[in-house]
Amino acid sequence: MIEPVWVRLFPFVPVGAFVVVLGAHAFGWDISRSALRVSALLQGAIGVALWAWLESTPEGVQIALGNGPGAIAFALGPQERRMLVAYLVPLGAATIQVHHWPDFAARCAALLYMAGCSGLWVTHDLFNFYVWYELMTMAAYVLIAARGQHYASVKYMLFGVVSSSLLLGGIVAHYATGAPLTMAVSPEWIQAPDSWQRWKLLMLGSAFMVHSAFVPAWTWVPTCHAATVPSMSAFLASYTLMGGLYGLHRWVLPAARAAGHWEVLQWIETLAAITSVVPAVGMVFEREFKRCVAASSVATAGVAGWLLVRGHSDAALGVVAIHAVGKTLLFHSFDALEFRERTVVGQVAAFWTVAVGIVLGTGLGPTPLGHWKRLLIAEIPTARLALSVGTLCMWIGFLKFRWCVGGPQGPKWLPWAAALSLGVVATVGITAERGWGIVRGLHEGAWVATAAWLGWWIRRTEFAWAPVWRRRPYPNLNAELFGAFLVFFVGLVWVLGGLA
Amino acid sequence: MLEVIIALATVGFLASDNLVRKVMCASLMESAIILTFLHVGHMPEARAPILDPNLRPPAQPMADPLPQALMLTAIVIGVCFNALILAFIARVKREHGTLNASMLHD
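Residues numbered from 1 in each chain as written. Chains lettered and ligands numbered in written order. Predicted model: local features only at pLDDT ≥ 70, side-chain atom pairs only at ≥ 80, totals over all residues. Heavy atoms only, no water.

K.L.:
Even after reading the chapter, I still don't get the sheet that holds strand β4 (residues 343–346) of chain A, so can you show me in this structure?
P.N.:
Across a sheet, strands are paired by hydrogen bonds formed along the backbone, either parallel or antiparallel in direction. Residues and elements named next belong to chain A. If you walk across this open sheet you meet the three strands as β3-β4-β5, and the pairing is mixed. In this open sheet, the two strands that pair with only one neighbour each are β3 (337–340) and β5 (402–405). Going across the sheet, the axis of each strand differs from the next one's by a mean of 25°, ignoring polarity. Bridge count for β4 against β5 is four bridges, and the pairing is parallel. When the bridges of β5 are listed, V344 appears paired with W403. Running at roughly 145° to β5, helix α15 (residues 348–362) makes contact with β3, β4 and β5 of the sheet. (Pairing = 2+ DSSP bridges. Helix = DSSP H or I, 4+ residues; strand = E, 2+ residues; numbered from the N terminus. Axes fitted to C-alpha atoms, helices over the stretch in contact; angles between N-to-C directions. Contact = heavy atoms within 4.5 Å.)

K.L.:
Whenever I open this one, the domain arrangement of chain A confuses me. Can you help?
P.N.:
Note on interface size: it is often stated as the accessible area lost on association of the parts. Residues and elements named next belong to chain A. Assigned domains within chain A: domain 1 (1–122) and domain 2 (148–499). If you look at the interface, domain 1 gives 22 residues, while domain 2 gives 31 residues. Across the contact surface, domain 1 and domain 2 share zero salt bridges. The interface formed by domain 1 and domain 2 contains four residue pairs in polar contact (both at pLDDT 80 or more). Of all the secondary-structure elements, those providing two or more residues to the side of domain 1 that touches domain 2 are α3 (80–96) and α4 (104–122). Grouping the amino acids of the side of domain 1 that touches domain 2 by side-chain chemistry returns 16 nonpolar, four polar and two charged. (Domains from an automatic or database assignment. Salt bridge = Lys/Arg side-chain N within 4 Å of Asp/Glu carboxyl O. Polar contact = N/O pair within 3.5 Å; in protein donor to acceptor, adjacent residues only side chain to side chain. Nonpolar A, V, L, I, M, F, W, Y, C, P; charged D, E, K, R; others polar.)

K.L.:
Mind showing me how you'd approach helix α9 (residues 220–227) of chain A here?
P.N.:
Three- or four-residue spacings in an α-helix give side chains the same orientation, since the helix completes a turn every 3.6 residues. All names here are of chain A. Summarising burial for α9: seven of the eight residues are buried, a large majority. Those residues of α9 lying buried are W220, V221, P222, T223, C224, H225 and A227. Those residues of α9 that are buried lie in contact with α5 (126–144), α6 (150–176), α8 (194–211), α10 (230–259), α13 (289–309) and α14 (313–332). (Buried < 20%, exposed > 50% of the residue type's maximum accessible area, 1.4 Å probe, protein only.)

K.L.:
For this particular structure, what's the right way to read the environment of A:L329?
P.N.:
Its location among the elements puts A:L329 in helix α14. Separated by 324 residues in sequence, A:L329 and A:V5 have C-alpha atoms that sit 33 Å apart.

This is how it looks when you write it as structure tokens:
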């Protein structure tokens, strides 16, 4: 069994690799490719051991990095295992596809990005959470621009600066309550003045929701996905986007519940519910396949956020893990596919991988995501309509493309990756109660058939739809950025104005 | 006063069409938040937070080092962010021929 000392190494492996790469570069050697691979393999090995260790430590663990009462510490609980999957799955795929990051600078940024992602996951206090979060996003900005699409990166940076300013503001409000930065809930927090509590929850909530691309602050995600390499897209969808949900899970929701701020939960739940539908509807009108995949990630973030607010944090983090598997398969299949005007061309093996990715990502059939969606439906009657429309639109979004056999051969490992992913899904979702009988199977089959027919009809009548196809949800960057503030303004009225 | 600066910077960020001005407003917003934190953490009469084992604990309270540490980090991050985004904005100008946010779209 792993010793705690190894946990300390987890985020520092890529940092160390980065330092070694820079040192070697000073002597004219480029070892970044090998460093990236070795770092990913080491993190993978530590990650698997950590998974096993957390399995046998249900109460979680806290490890101080130094001596003394103020030493920085890492803290991990059993629920965090799901986030570990969301990090390790795209990491494994990126290790195989190192050629996606063709130049030295991109590979260095990838190492820093890995450090930021893993630090965010293990950190114990809000101060370090902010530092790792900034490291992760800063490296992501560079990686998104790696293929020369700087507009996408600038767009993400402008959304990012709104998010990090709000996060900083939230930290100020948390500090003003007199509560320690190491805990979301403490006696000081519960006794703090109501106004500071509301400001903290409002700011941190908005920061994390903008980061998770909740509607109406979601349009940066399709732009960034379309601009960057598949490995980065997989990371962005699987981990960075979901990092905002993890922030809500760690710092906002427990604090709101402990202090009895139910209006905060209602605000987040409303935006999460809207997010589970609107991007999915947008997929119906989306022309680019990659942007469709991105929109489906945002819709899934909405479902996970909804589950989180309703108190199903195990299920929500499970959605994050399963979604990571699905999105990694989808994005890494892009090397084996060719995209023409509303047509996807590829070999049968690649299509199978894509199909597994879509089924896992949309939660169809006896998949864990489908089960967790049904949890919400059983609890909230209106969730049936929202989630059914969302899932149907996602399927229409994917099935409206013409799928043709032919095109590039693609990497041979893809079908194996799909098989391995199903194994991971089985491991993660094994605890989910099934209850998926023949009636439900027929019911969901009917949904897919409807989606396929509607997709075919949209494709056939594409000329009639032409004006809608061309329309974007926001006319320009200014309007999109207003969406980021709208999340905050709605919260301002709802949380401070006592709308609820 | 700081609230007014934050509000003005927010309005400037939203209303300004020029990307460089947006970055300046974002920078102003972040600086105002940093000043707010220092204001919240300010303890009049407090001495510098330096531990000296040779000295007996004085009667004066010690200032909390956390706001300074966190804000220094935030300032460094802000400088890096500004450098990076300005470099990218220069590329956007070269690629799209404009810095006007109301004319930029996917």
